[in-house]
Amino acid sequence: MKKIIFFLTAISLLAFHGCEKDPDTIDNRITITDEVSAAARTATISGTVECPVNITKIELWMDSDENFSNRNVHDIELNDGSFSISFNELNTNTTYYYKYVVYNAVDMAELEKKNFITQDVTLPLVTTAEVTSITANTAVCGGNVTSDGGATVTAGVCWSTSPNPTTTDNKTTNGSGTGNFTSNITGLAENTTYYVRAYATNSKGTAYGEEKSFTTLLSINGYDWVDLGLPSGLKWATCNIGATTPEGYGNYYAWGETTTKTSYDYSNGEEKSDIGDISGNATYDAARANWGGTWRMPTDVEMGELINNCAWTWTTQNGVNGVRGTGPNGNSIFLPAAGKCRGSSRYNVGERGYYWSSSPEHTITDFAKALSFGSIPPVGFTITERYLEYTVRPVTN
């Protein structure tokens, strides 16, 4: 923003005898020091007034006509000798003239005329947000318009399978004005790398933010998975059973049961002390029973691989607490802190997460193994009663 500084000194036609003057005349000497900050469509004039003895009113006249034939008149309100006046909806690249008019009870004086020039419209400024909530066919991006360049601006994101996408490729339109915006990207192909940039358009043209890239996921039976680069090559689902987003809690199941209940306690739990690992067994495996295909509950060995090969951090995703595990290849998985159910109540929601494995604990009857975490690392195992209601995150080979 260009700043223009003027120093104005007005001396009345009366002889100068200091600030203590006849109360019926304007002071012989009044000094207004001001600063003009002019953009393309706006301007602010601010400054200070010295020795305003006996002054009843100060006006600021402004017009694009130097004769002030269509002047806008603004009363200056002093705050400890300082003032500031803002002007909006100005014309771009235009010379505006202004002057101060000083009054007392019986007289007035017009000070020297000055001017400033508004800037021309420039390209807007925009940045690109990180790409999140990536699925097989959708993703979420957006951006931040930090300057409209002095004109009405519209913004969104554009994407392509080639670098440097433009608005001639696929795009969203997400409103107008400056500030943050969110864009839902849809209609994507599975397992495909895309390039995305935020854009902002005004009368001067279109500006782009930095480029981001992402790769869509693959799905089985409509459920997405992510390859974390684990040694076994195992793929982990991006959502819990019953959830539609990675941060969704989804359903809660007792170990070895494939449907939900309104109350979970020892008295209504099914006796399963005589069965082994249930991974892939549709009778007992909630993942295989509800999602079908090759989806199944992870074994304790597979959970151990996830725990030991990922870097874990406690974080918040879309307002939901949980942990993010980043695999050897840089891809990550988010596990929400969904808590657990016992009886008809939920406990530790937003504070801890519990995820069933398919593996029973053979040394203690009616116990099974589960992944557990809280806000303080590490992510690890817990051994607990099978009747408790935990969430399930499926896997596939």
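For the structure, check the block above.
K.L.:
Explain the overall build of the chain residue by residue, including any values.
P.N.:
The helix and strand inventory of the chain stands at two helices and 31 strands. Taking all 397 residues of the chain together, the buried fraction comes to 47%. As displayed, the chain has an accessible area near 18500 Å², and 45% of this comes from carbon and sulfur atoms.

K.L.:
Hey, could you go over helix α2 (residues 300-309) for me, with residue numbers and the actual values?
P.N.:
Of all ten residues in α2, seven are buried, a share of seventy percent or more. By the burial criterion, the buried members of α2 are D300, E302, M303, G304, E305, L306 and I307.

K.L.:
Mind laying out the sheet that holds strand β28 (residues 367-373), listing which residues take part and the relevant values?
P.N.:
Ordered by their spatial adjacency, three strands build an open sheet running β27-β28-β29, and the pairing between neighbours is antiparallel. A single partner strand is all that each edge strand has here, and the edge strands are β27 (353-361) and β29 (380-385). Each strand of the sheet is rotated relative to its neighbour by a mean of 35 degrees, with strand direction disregarded. Across six bridges, the pairing between β27 and β28 is antiparallel. What sits directly across from E361, in β28, is F367.

K.L.:
Tell me what's going on with the pattern of salt bridges, and back it up with residues and numbers.
P.N.:
Where charged atoms of side chains with opposite charge meet at close range, the side chains can pair. For the coordinates displayed, the defined rule picks out nine salt bridges. Among the salt bridges present, the one from E112 reaches K114, with a minimum N-O distance of 2.8 Å. According to the relative accessible area criterion, K114 is buried, its value standing at 19%.

K.L.:
Help me get a handle on the environment of E110, residues and values and all.
P.N.:
Take E110: it is sitting in strand β8 (residues 108-110). Judged by relative accessible area, E110 falls into the partly exposed class, the value being 44%. When residues no more than four places from it in sequence are discounted, the contact partners of E110 are W61, K99, Y100 and V101. Here K99 takes part through its side chain, which lies 2.5 Å from a polar atom of the side chain of E110.

K.L.:
Can you lay out the sheet that holds strand β20 (residues 235-237) for me, pointing to particular residues and giving the numbers?
P.N.:
Taken in spatial order, the four strands line up as β18-β19-β20-β31 in an open sheet, and their pairing is antiparallel. Lying at the two open borders of the sheet, with one neighbouring strand each, are β18 (218-220) and β31 (395-396). Pairing analysis gives two bridges linking β20 to β31, with the strands arranged antiparallel. Note that in β31 the partner of K235 across the bridge is T396.

K.L.:
So what's going on with the environment of K114? Residues and values would help.
P.N.:
You can see K114 is positioned in strand β9 (residues 114-117). The spacing of K114 and M62 is 52 residues in sequence and 9.6 Å in space, taken between C-alpha atoms. Looking at K114, its side chain comes within polar contact range of the side chain of E112, at 2.8 Å.

K.L.:
Could you give an account of the environment of G353, with specific residues and numbers?
P.N.:
Note on placement: G353 falls in strand β27. With near-sequence residues (within four places) excluded, G353 lies in contact with P336, A337, A338, G339, L371, S372 and F373.

K.L.:
Can you tell me about the nonpolar core, naming the residues and giving the values?
P.N.:
Membership of the largest hydrophobic core comes to 22 residues, with the highest contact counts inside it found for I45, I58, L60, M62, Y98, Y100 and F116. Mapped by element, the contributors of at least two residues to this core are β2 (29-38), β3 (43-50), β4 (57-63), β6 (82-87) and β7 (95-103).

K.L.:
Please set out the side chain of T128 residue by residue, giving values where relevant.
P.N.:
You can see T128 is positioned in strand β10 (residues 125-128). A polar contact is formed between the side chain of T128 and the backbone nitrogen of A198, at a distance of 3.0 Å. In terms of polar contacts, T128 uses its side chain to reach the backbone carbonyl oxygen of E210, at 2.7 Å. Contact partners of T128, with chain neighbours within four places excluded, come to C141, G142, G143, V196, R197, A198, G209, E210 and K212.

K.L.:
Which residues make up the packing of aromatic side chains, and what values do they have?
P.N.:
This model, assessed by the stated rule, comprises eleven aromatic pairs. With a centroid separation of 6.2 Å and an interplanar angle of 50 degrees, the aromatic rings of Y98 and F116 are classed as tilted. Here Y98, found in strand β7, pairs with F116, found in strand β9; they are 18 residues apart in sequence, far enough to count as distant. Taken as a pair, Y98 and F116 share a single burial class, namely buried. For the pair Y354 and Y390, a centre-to-centre distance of 5.0 Å together with 25 degrees between the ring planes defines the contact as stacked. Taken as a pair, Y354 in strand β27 and Y390 in strand β30 (residues 389-390) lie far apart in primary sequence, 36 residues in all. Put simply, the rings of F83, Y96, Y98, Y100 and F116 pair up and form one aromatic cluster.

The rules behind each value
- All chains use their own residue numbering, which begins from 1 and follows the written sequence.
- Under the rules for a predicted model, residues below a pLDDT of 70 receive no local features and side-chain atom pairs below 80 are neither given nor counted, while totals for whole chains, interfaces and linings still include all residues.
- Processing note: side-chain calculations cover all non-hydrogen atoms of the structure and skip hydrogens and water entirely.
- For helices the rule is a DSSP run of H or I covering at least 4 residues; for strands it is a run of E covering at least 2, with both sets numbered from the N terminus onward.
- Note on classification: 1.4 Å probe, protein chains only; a residue is buried when its accessible area is under 20% of the maximum for its type, exposed when over 50%, partly exposed between these limits.
- Note on areas: Shrake-Rupley, 1.4 Å probe, and residue coverage restricted to the protein chains presented here.
- The rule for pairing is simple: two strands pair if DSSP sees at least two bridges between them.
- Axis definition: a line fit to C-alpha positions, over the contact stretch in the case of helices; interaxial angles, taken between N-to-C directions, run 0 to 180 degrees.
- Each salt bridge in this description consists of a side-chain nitrogen of Lys or Arg and a carboxyl oxygen of Asp or Glu lying within 4 Å of one another.
- The contact criterion used is simple: two residues touch if any of their non-hydrogen atoms lie within 4.5 Å.
- We define a polar contact as two N or O atoms separated by no more than 3.5 Å, with the added condition that, inside protein, one atom must be a possible hydrogen donor and the other a possible acceptor, whereas residues neighbouring each other in sequence contribute only through side-chain atom pairs.
- Only buried residues count toward a nonpolar core, which is a set of Ala, Val, Leu, Ile, Met, Phe, Trp, Tyr and Cys residues joined through side-chain atoms within 4.5 Å.
- Any two rings among Phe, Tyr and Trp, with Trp reduced to its six-membered ring, count as a pair given centres within 6.5 Å; such a pair is stacked if its planes are under 30 degrees apart, edge-to-face if over 60, and tilted if neither.

Taken by themselves, the reported measurements are silent on function.
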